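One letter stands for each residue in the lines below.
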Amino acid sequence: MMQLRKKILVPLLCAGVLLTTSQSALSGLAGTSVPAAADAADTAGGSGNDSTGADNAGTEDNAGSSTPTAEHVTEEEALAEMTLCASSDSLEMYVNEETGTFAVKNLADGHYVWSNPYDAAADSYSNSDSKRAELKSALLVNSVKVTDVDAPSTPLRSAKHGSSGEGITAVEMTDKGFKATVEFPAQGITIPYYVTLTDDHFDVSVAINEIHEVEFDSPEDIDDSTRSVVDLGVMANLGAAYADEDGYFVIPDGSGAIINFNNGKHAMSNYSQKMYGKDYAISQDMAPKKTEQAYLPILGIVRENDALLEVITEGAAYATAKSYVSRQNATGYNTAYFEFSVRSNDQYFMGAVNASALKSYEQSKIPEERVSIRYYPIAKTKASYVDVAKRYQQYLLDEGLMSKKDGSTTPLYVDLYGGTVKEQSVLGLPVKQQTAATTYDQAKMILEELAELGVDDIVTVYNDFNKAGLTDRISGGVDYASKLGGKNDFKALKDYCATVGITLVPSVDLMEYERSGNGFSKTGASVIGVTKAYATQGEYELAFGTPNSLRPSWFILTPAYFEEAYGNVISSFASEGMNAISTAKGTSMLYSDFSQNANKGTSRQQAVENLKLCYEKIANSGLKFVTSVCNDYALKYADSIRNVPLYSSGYDLTDGDIPFYEIVIHGYIPYTTKAKNASSDADKLFMLSMATATPMHYEFMYENPNKFTDSKYDTLFYTHYDGWLEVAAEEYKIFKENLSEESNSPIADFKYISDNVVECTFENGTVVKADLANSTLEINGTSIELPEKNWKGATVD
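Residues numbered from 1 in each chain as written. Predicted model: local features only at pLDDT ≥ 70, side-chain atom pairs only at ≥ 80, totals over all residues. Heavy atoms only, no water.

Overview of a negative patch on the surface
- Where like charges cluster on the molecular surface, the negative patch consists of Glu 220, Asp 221, Asp 223 and Asp 224.
- Inspection of the secondary structure assignment puts Asp 223 in the loop between α6 (214-217) and β12 (228-234).
- Look at Asp 223 and you get partly exposed, because its relative accessible area is 39%. (Patch = residues over 30% accessible without salt bridge, like charges linked within 9 Å, V, L, I, M, F, W, Y side chains within 5 Å. Areas by Shrake-Rupley, 256 points an atom, 1.4 Å probe, with all protein chains shown as cover. Salt bridge = Lys/Arg side-chain N within 4 Å of Asp/Glu carboxyl O. Lys, Arg positive; Asp, Glu negative; His and termini not counted. Charge placed at Lys NZ, Arg CZ, Asp CG, Glu CD. Helix = DSSP H or I, 4+ residues; strand = E, 2+ residues; numbered from the N terminus. Buried < 20%, exposed > 50% of the residue type's maximum accessible area, 1.4 Å probe, protein only.)

Okay, here's the thing in structure tokens:
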């Protein structure tokens, strides 16, 4: 009788939840986590789906149309069919040896984390047997016949369904867990994965080097149904929440964001975001959406009294974070998981203008032994995303991936722009010339004015400070630019900074370049794409999003040459007495090289390893490494970080922004946000910065930015220094007088009191409350006088 009543009540309860999603989800989280809706003030929101629309096909109209044939299964009944296979002082792991389904019990609170919903067969929202099989599957495989460009992709599920089934799973016990081998006989694919339990976490690893594919390993047995692995979804339903549960997912978009369970957005596209941003070696025919990047390879699941942190420990460069809410994927479950690209692919066109795109796939799998995900169960009453962030912070510290850095945590960060190539009219003819935006002497003058206004602690990053920067070449060293004043003027700037205690950080771009030089040629040192063409980059038409043929394209340096490029610059900086260095996008931009040349070809994960060797060179040189926003693999090496995002992309599926990135690094690595004068909502950025005790950041050039229309500087229209210096100085003084200690103290808690009021608690006990709408600030209950709202810098004609 109870089971029958549950069958009737669950769909009705779910409908009620979906009809009142914004009200109920927020009331469940009030005072603990997020605002009413995502507010991406500086980014253009989108669907968050970088895959095809097929993911959502038929989900709304067909959901719930098929009545499940299975009876409901209780947790106790499911556990009765499982065997204890591993244990520690804090966790126990049980596995069903027939199916591979497993559950991990947290001994602190008795809560189980399930690899798959134990009651999946009775899901009334699943519209087919295949969907219910998907809920029971450990692996979701996108497969294709790689050697046939016309072959359609075939989705595979590791769980059996129907009379014939798809996957056949065999379980073998190991010392700390079990090994499961999934065979897809019709497609000629076998995939092994390992589940192990250690101390306070468990790991799931797919052995890439053990995957067997008939298409490549036994080509004599190929037939029409033979396929190979392209994408691999790992534990897609681990921790899944049904439509009657409260809670949310934590996603790594920008600063961080949440997706409430059952938020009623099942008609929207699912969330799908590639870790570390796009691979620039893969072509993009249309302008990409303006979004934030996923810098940290994590996901989180938060319920009222427990949470789960998911961290990719191997193969993050190939991963995509994905999430669906109830009814979005034709099931009643909310899910979040990682999918790994086992083979990269690109498309190209041949024939007529309207010809269909042809796919090109890598012949070989990614050159990694494994891809692995670690799961940390968290037992806590009224758990929140802060608990997930603090557990990830502890993971980084324990693994030596982050440490507490010395140095000032209260400086004013200033980016200066040296100059670029600009088309000028000479005798009536268009000629490209080096054009100064801020000479060495002008940079010194700007810093002197800030000092006169009372700013006594500055970190200034000088972009395009040398000849290579001005001419869009890979830097070979310091290479002082005569157009900016030459070596003597730079020495005067450097000596001034040393005298007054300013940290001067010359910045070089060692990835993107337009012209050959300094030992790196466009034809010999540039990345090759999957299609075997140069992976050139370019700008897009604002109106149509198509490539802009009137603007020059540029190249990206093969990762195989990173060490050489970094070594040249580091050696030169040391010989010229530099104290610090920045490398443009060198800690956030990541790409492969699909060259067939064995000396150049580099996988995306190998590119990460190459970059880490370069960062190690910087650390060993004694140079201070002032980076732009970092992917997780660079955190260990950064001495301070600029451009940390305060917002997410504002994807349709999300329900609010959270300062996840900030919580993780605050008090350990000095950092600042994106530049205030670059923000479309400068007041809100200022208030959020004050709430989290984050120093301010500005970007300046001496010349009128309008001078650089139709150049690579044409987006820097906000950077004219005149009118901004007094604002920056006033904000610096407020920050230093009131929040200097808090900038060095880790964040203990952060919550939204209401839609526009946030409260941040630091480990030193200080509580900061900020009203984002009215621009008021309280520290430990005392109001702080702030500059007049909307006080902005001067504009130029």
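Focus: the pattern of salt bridges
- Summed over all chains, the structure comprises 30 salt bridges.
- The shortest N-O distance in the salt bridge between Arg 604 and Asp 279 comes to 3.9 Å. Taken as a pair, Arg 604 in helix α12 (residues 604-621) and Asp 279 in the loop between β16 (271-274) and β17 (298-302) lie far apart in primary sequence, 325 residues in all.
- With relative accessibility at 6%, the residue Asp 279 sits in the buried group.
- The salt bridge partner of Glu 609 is Lys 612, with a shortest N-O separation of 3.6 Å. Placement of the pair is Glu 609 and Lys 612 together in helix α12, with a separation of three residues, close to one helical turn.
- Its relative accessible area of 31% is what places Glu 609 among the partly exposed residues.
- Taken together, the shared-partner salt bridges in this structure form one network comprising Asp 464, Asp 472, Glu 514, Arg 515 and Lys 712.

Digging into the packing of aromatic side chains
- For the coordinates displayed, the defined rule picks out 32 aromatic pairs.
- On the basis of an interplanar angle of 55° and a centroid distance of 6.4 Å, the ring pair of Tyr 94 and Tyr 112 is categorised as tilted. Of the two residues, Tyr 94 is situated in strand β2 (residues 91-95) and Tyr 112 in strand β4 (residues 112-114); the sequence distance between them amounts to 18 residues.
- The class for Tyr 94 is buried, based on a relative accessible area of 18%.
- By relative accessible area, Tyr 112 is classed as buried at 15%.
- Considering the side-chain rings of Phe 520 and Tyr 561, the 6.4 Å spacing of their centres and the 45° angle between planes classify their relative orientation as tilted. (Phe/Tyr/Trp six-rings, centres within 6.5 Å; stacked < 30°, edge-to-face > 60°.)

Examining a nonpolar patch on the surface
- On the surface, Val 426, Leu 427, Leu 429 and Val 431 cluster together into a nonpolar patch covering about 390 Å² of accessible area.
- The class of Leu 429 is exposed, set by a relative accessible area of 54%.

Structural notes on the sheet that holds strand β1 (residues 83-87)
- Sheet architecture is open: four strands sit in the order β1-β2-β3-β4, paired in antiparallel fashion. Of all the strands in the sheet, the pair left with one neighbour each is β1 and β4. Taking the axes of each pair of neighbouring strands and ignoring which way they run, one obtains an average angle of 25° across the sheet.
- Where β2 meets strand β3 (residues 102-106), five bridges bridge the pair, whose relative direction is antiparallel. What sits directly across from Leu 91, in β3, is Asn 106. (Pairing = 2+ DSSP bridges. Axes fitted to C-alpha atoms, helices over the stretch in contact; angles between N-to-C directions.)

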